[in-house]
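A structural walkthrough
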Amino acid sequence: MSEGQHGERVTLGEIKQLAGVGRPTVSNWRRRFAQEVLEAANDKRPPFPEPVAGTDSKPLFDAEEIARWLDLRPLPDADREKNGAPATYGERFRQELKVRGLVALRHETRSADRLIAQVLAVLAMDAEGEAWVPEYLPPTLLPDRAAATLRVRDMARELADVRGGQGAAADEVLGLAGRLESDLAMDATPQPVVDLVALLVGSLDGGSDDQASVINLCAGTGELLLGLKGLEGHGDLVAVEADTFRRTLLISRLLCHWMGSVDVFTSPSDLDVPQASDRSGADAPHRLSRADVVVADPPYASGERDRDEDGPLGWALEAVRRLNQQGRGYVVVPSWTLVRPRTAEPTPTVRMRQELLDRDALSAVIQLPRRIHPFRTGAEHALLILRRDAPPEDRGRVLLVDADRIAGRVGADWPRHVAEVVRTRSSPVAEEARYAAVEASAGAESLGDGRSVLPAHRLASPEHGLDHLAATREARQKAFDVLPQLKAWLGDLGVRKRPEAVRHIKVGEQLKAGSLKLLPGHRIREGDIGDAGMPVIGREEMLGALPIGRRRILPELLAAYPQATVTDRGDVFLLTEHGVRTQVDDAGGCVLLAPVQGLRIAAYREYLDELSKSGAPHPESLWMRPHALAHLLAAPRNRRRGSGSLVRRVSVRDMDLPQLPREEIADLEAILAETERHRAEVRRQLAALDTLAERLAAGVADGDLRLSKRSDPGPRV
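Our subject in this report is the structure included herewith. (Residues numbered from 1 in each chain as written. Predicted model: local features only at pLDDT ≥ 70, side-chain atom pairs only at ≥ 80, totals over all residues. Heavy atoms only, no water.)

Considerations on the nonpolar core
Ranked by internal contacts, the top residues of the largest apolar core, which has 43 residues, are Val197, Leu200, Tyr330, Ile366, Leu383 and Trp414. Here the element with the most residues in this core is helix α12 (residues 191–201); it accounts for six residues. In contact with Val197, other than residues within four places in its own chain, are Leu224, Leu228, Val295, Tyr330 and Leu383. Ile215, Leu317, Val365 and Leu447 belong to the second largest nonpolar core, which has 39 residues in total. (Core = buried A, V, L, I, M, F, W, Y, C linked by side-chain atoms within 4.5 Å. Buried < 20%, exposed > 50% of the residue type's maximum accessible area, 1.4 Å probe, protein only. Helix = DSSP H or I, 4+ residues; strand = E, 2+ residues; numbered from the N terminus. Contact = heavy atoms within 4.5 Å.)

Structure representation (C-alpha cells):
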C-alpha cells in the first residue's frame, strides 16, 4: 500500500466525515464490534480497528485499516460497482481521503487547474516511460511536470498504483474536478451520456481491417472519445478542442491511456488544411477530414447564443459535413435549440434546425433525462443522431425518443434501454418513442412545420392499451354505485365508439388563426395583493391551496400594471407545471398571476351577446366551448408533453385539440357543465361534514360536549 495510506491517521470525527455517516454511527461501530464484545459472543467478524496513537479522549486510527474494515459494510440503497460488487463505505472513505489529499495539494499549488495539469503531466510522462523524445512531446508537458512538487508526484503515482494504471488515475483526477472547485466539471460530459453514446456507436473494432474512424469535435477533456469501446490499438482517431487549457489536459490524458498517436487540433477547419504531400506530390488534407463516427458535446447552457451563427446546432451541421457516406454523428445539444418556433425572421438556430431537416440529416432526436448535467441543473439536453445518407426505409422521417420518460420507468439503466429502442426502432410504451415525418402527408403533422421538435412536445399518442369505451362505462357504473341520486342523469349519458378517426390541431395554430387568444400571467408585488378588489388567480388557487377570491387586488393598484389582462366570462385558466390544471372562469373580472395563463375563445363573447338577445343561439355558432376546452386541454395526451429540467412545464402552443363537429362540442359542453355542477354540490356536502366534524371535536376538546349514539338514553347533541 501507499505511504500516504499507511502513514495517515484519522480521528473518530474524521472517520465520520470521510465515511459520510453520523458521529453516533462510528461510536456504535466501535462499541458493538470491539474485540472483547465479539469474543464474548463467539462472533467471527473482524473487530473495529484499535487506535494506533493519540489519547483515550482523542484516539487516532490507521486510515487503511479503517478503510479495509469499512469494505465489509455495504452502502444502503447504493448502485453497484461496474464489476457488480456492492458499493461499500470503504470505497467512499478512500475516495474522500483522496479528495482531502488533493484539496490540501490544491492549496499548495493555489489553483485546482494547475494541480490537475501537473498531476496529468506526471502521469503522462510516467506512461511514456524512458522512450520519449522531447521534440515530439506537447510543449506544455515538460514544464507542467517540472513544476510538480514531490508531494504532487507522489500523489499521482499513488493513484496510478491504486487504480492500476496512469489512464485510470487521470480519469479519477478529472472526475474529482468538481470537488476541487475547478470549472472543468461544468463542461464535462456526464457518465450516463458517455455510456449511451458508447452503446449507440458499438465497438469500433470490427476486425483488423475494419476499424471505424472517429472524429471528436469539441472534445473537452475527452470523456466521449475515451468512453467508446474498442479503442485499444486504434489509429484512426482525431480530436478537436479550441480551448488551450482543455487541449493540454486532453493530450496528457490521451498519453496516459497510451494514445499519443491521436491528432488533436484547434479547429475543425484544421482538418481541411493540407498536412503532407501524397504520392502524386500534391498537398492533401488530413487523412481523417471525414470519419465513420463523429461525436461532440459543445459546452452550451440554456438560451446561450440563440442568435449566433456559430451556435450549438452549428456543431451538428459540422458533424454532418465530417461524416463518411454511411457514417453516424452523435451531438449533444441544449433542448432550447429544438424548441424555438419559426417566426417571420427565423433566428440562426431555427434556420440551422430547418437545414438539418431539409438535408434529411436527422436520424433520431433523443431527449435526455432531466438534470443530466449536475452543474447545469436549469438546462435540458438532447442527443442528435445524425446521418449523411439515410437508408431508403428511413428517408424523410426521424425517430423521436423521450429518454426522460424511459428513465422514469426503468431507473439508472436507461442508457441500455434507449440504445435498444434505437436499435429496434420501437418502444414497448408508445409515448416513449415513434417515428415522425419531416414533411406532412394526408393532413398529418410534420417536423418541418416550424414548431418544436422536442420529443416530449411531439410524442402525444392515445393512452397505450386502454379501451376508452370500457373504461368510461366502468367509471359510469362506479358513479351509479356511490351517487344513487344521479342515476337518472347518468343513465341518460350516452357513450359509444366513434367510427371514424379524428384529426387533431395544435393550439399554436388556433392562436395563429385568431380562434384562440393567449392571456399571459403577470408578476404583481406581494404588497399590492390584499383582500379587496378583483380576484387574483395564481398557482395557489389552481392547486386548491387557497380558495378563489381569498386574494384580491384593488383596481387603483392594478393600474400600476398596464400589461395585466382582466379575464372575461368563459376564459380558461391554465397552470401547466407538473401536468396541466384548468378551470373555467364563469364570472370574469379576474387577474392572472404568473405562471398561470389563460385562453380565450375569440368567438365566445359574440356568442354570449347572441344568447342574451335571442335566448337560444344555434349550437353550430361556436366551434369550441369553455368547459370542453378546459377538459380537452387537461387530457392525458397533453399532460404528457411536459419538458424542463427543474420544473416540468407543458407548452400551451404544443397542446392539441380534436377537431369535432360543433354540435358534438355543444353536447360535450352541456355534459361537462352539468358534471361540474354535481361536483360543486358534492364539495358543499363534504365541506358541511368537515365543519361538523371540526365543531364536534372542538366541543369535546374544550369539555363542553358529551357525544353519544341515539340508543344511549343520555343527553344528545
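Structural notes on the pattern of salt bridges
Considering all chains together, one arrives at 38 salt bridges under this definition. Arg253 is the partner of Asp171 in a salt bridge, and the nearest nitrogen-oxygen pair spans 2.9 Å. Separated by 82 residues along the polypeptide, Asp171 in helix α10 (residues 166–175) and Arg253 in helix α14 (residues 244–256) bring together distant segments of the chain. Two residues, Asp654 and Arg451, come together in a salt bridge whose shortest N-O distance is 2.8 Å. Here Asp654 is found in the loop between α28 (636–639) and β23 (656–658), whereas its partner Arg451 is found in the loop between β14 (433–437) and α20 (455–458), with 203 residues between them in sequence. For Asp654, a relative accessible area of 5% translates into the label buried. Through salt bridges with shared partners, one network takes in Glu64, Arg68, Asp71 and Arg94. (Salt bridge = Lys/Arg side-chain N within 4 Å of Asp/Glu carboxyl O.)

Here we look at helix α7 (residues 112–128)
The end-to-end C-alpha distance of α7 is 24 Å, a good match for the 24 Å that 17 residues give at a rise of 1.5 Å each. Counting buried positions along α7 gives 13 out of 17 residues, so the element sits mostly inside the fold. Between the side-chain oxygen of the N-cap and the backbone nitrogen of Asp113 there are 3.4 Å, and the N-cap of α7 in question is Ser111. After α7 finishes, the residue Gly129 shows a positive phi value of roughly 70°. (Expected span 1.5 Å × (residues − 1). Polar contact = N/O pair within 3.5 Å; in protein donor to acceptor, adjacent residues only side chain to side chain.)

Considering the environment of Val596
Mapped onto the fold, Val596 is located in the loop between β21 (591–592) and β22 (597–601). Take Val596: its relative accessible area is 0%, and that puts it in the buried class. Taking the C-alpha atoms as reference, Val596 lies 6.8 Å from Phe573; in sequence the two are 23 residues apart. Not counting chain neighbours up to four residues away, the residues in contact with Val596 comprise Pro520, Gly521, Ile537, Gly538, Arg539, Met542, Phe573, Leu574 and Leu575.

Just distances and angles here, no functional claims.
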